[in-house]
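What the coordinates show
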Amino acid sequence: MRRDADGSLYASKAYERFATIILRSHHLVSLHETLEANVNPSDPSLDFSDLLRAAIVIAVAGMDAYFTDVFAERLVPFLKKKRATDSLTELLEKAGMDVAMALELLSMQRPFRRIRALVEAHLQRHVTQRSKAIDELFAVYGILNICKNAEKKLKRKTLLREIELLVQRRHAIVHDGDINGHNTLTDLSETWVRNRVFDVQKFVAATDEILRNQLL
């Protein structure tokens, strides 16, 4: 576990990666604001609001990647310091950790690296965009209701609901092009998108702090 000069814990590598992704979302929202204020497109079909839709997709993707990345990042330290829970054992089995693999690990110089690689490959098929899926994943480490605890930490009673709405909008964009029943783009507010991107950033930051404190 990395610490800075005063002894406090650094953010996880997964969070550092997430920070670069969420920054792209912020930049897209800012670009939309600039273009809306300064450019009058000659083509009426040109709609700058697609920049906001891209910001939504990237923000949700960054959150999803963070949770699977940080789970894998914390796996080896957890195994080295604590007894594997029944649910973690089950997850390892689903990832391919059978008896034959366990015996093979005995002859490896870096068996934990192999275990992490197995889990990372398994989690590539695991979607962590919903609070239920996130809670179920980290319950494997014995951490219960991590999403609600992050919400409480931020003192935002509706935070999870706001993020859920963002995820729903992401699905409408990705699967249906955000087209409504009248075959036109669904209205999208720049302020709403900006606020939801900040919500995702704060939520992930709070979760990362919880994990730093509980998975020492």
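Residues numbered from 1 in each chain as written. Predicted model: local features only at pLDDT ≥ 70, side-chain atom pairs only at ≥ 80, totals over all residues. Heavy atoms only, no water.

**Let's talk about the overall build of the protein chain**
Within the protein chain one finds nine helices and zero strands. Listing every helix and strand of the protein chain by position from the N terminus yields α-α-α-α-α-α-α-α-α. For the protein chain, the residues scored as buried account for 41% of the 216 residues in total. Put simply, 72% of the contacts in the protein chain that link residues at least 6 apart link residues at least 24 apart. Roughly 12,200 Å² of accessible area belongs to the protein chain as shown, and the carbon and sulfur atoms make up 52% of that amount. (Helix = DSSP H or I, 4+ residues; strand = E, 2+ residues; numbered from the N terminus. Buried < 20%, exposed > 50% of the residue type's maximum accessible area, 1.4 Å probe, protein only. Contact = heavy atoms within 4.5 Å. Areas by Shrake-Rupley, 256 points an atom, 1.4 Å probe, with all protein chains shown as cover.)

**Remarks on helix α1 (residues 13–38)**
In this model, α1 (26 residues) spans 38 Å end to end at C-alpha, consistent with the 38 Å of a helix rising 1.5 Å per residue. Residues of α1 that are buried: A14, Y15, F18, I21, I22, S25, H26, L28, V29 and H32. (Expected span 1.5 Å × (residues − 1).)

**Quick word on unusual backbone geometry**
Even without a glycine there, the phi angle at K155 is positive, about 55°. Tracing the backbone shows K155 in the loop between α7 (146–154) and α8 (159–176). In this structure K155 comes out as exposed when scored by relative accessible area, which is 76%. Residue D178 is not a glycine yet carries a positive backbone phi of 60°. With respect to the secondary-structure elements, D178 resides in the loop between α8 and α9 (190–214). Note on D178: relative accessible area 3%, which makes it buried.

Honestly, that's just the spatial picture; any functional story needs more than this.
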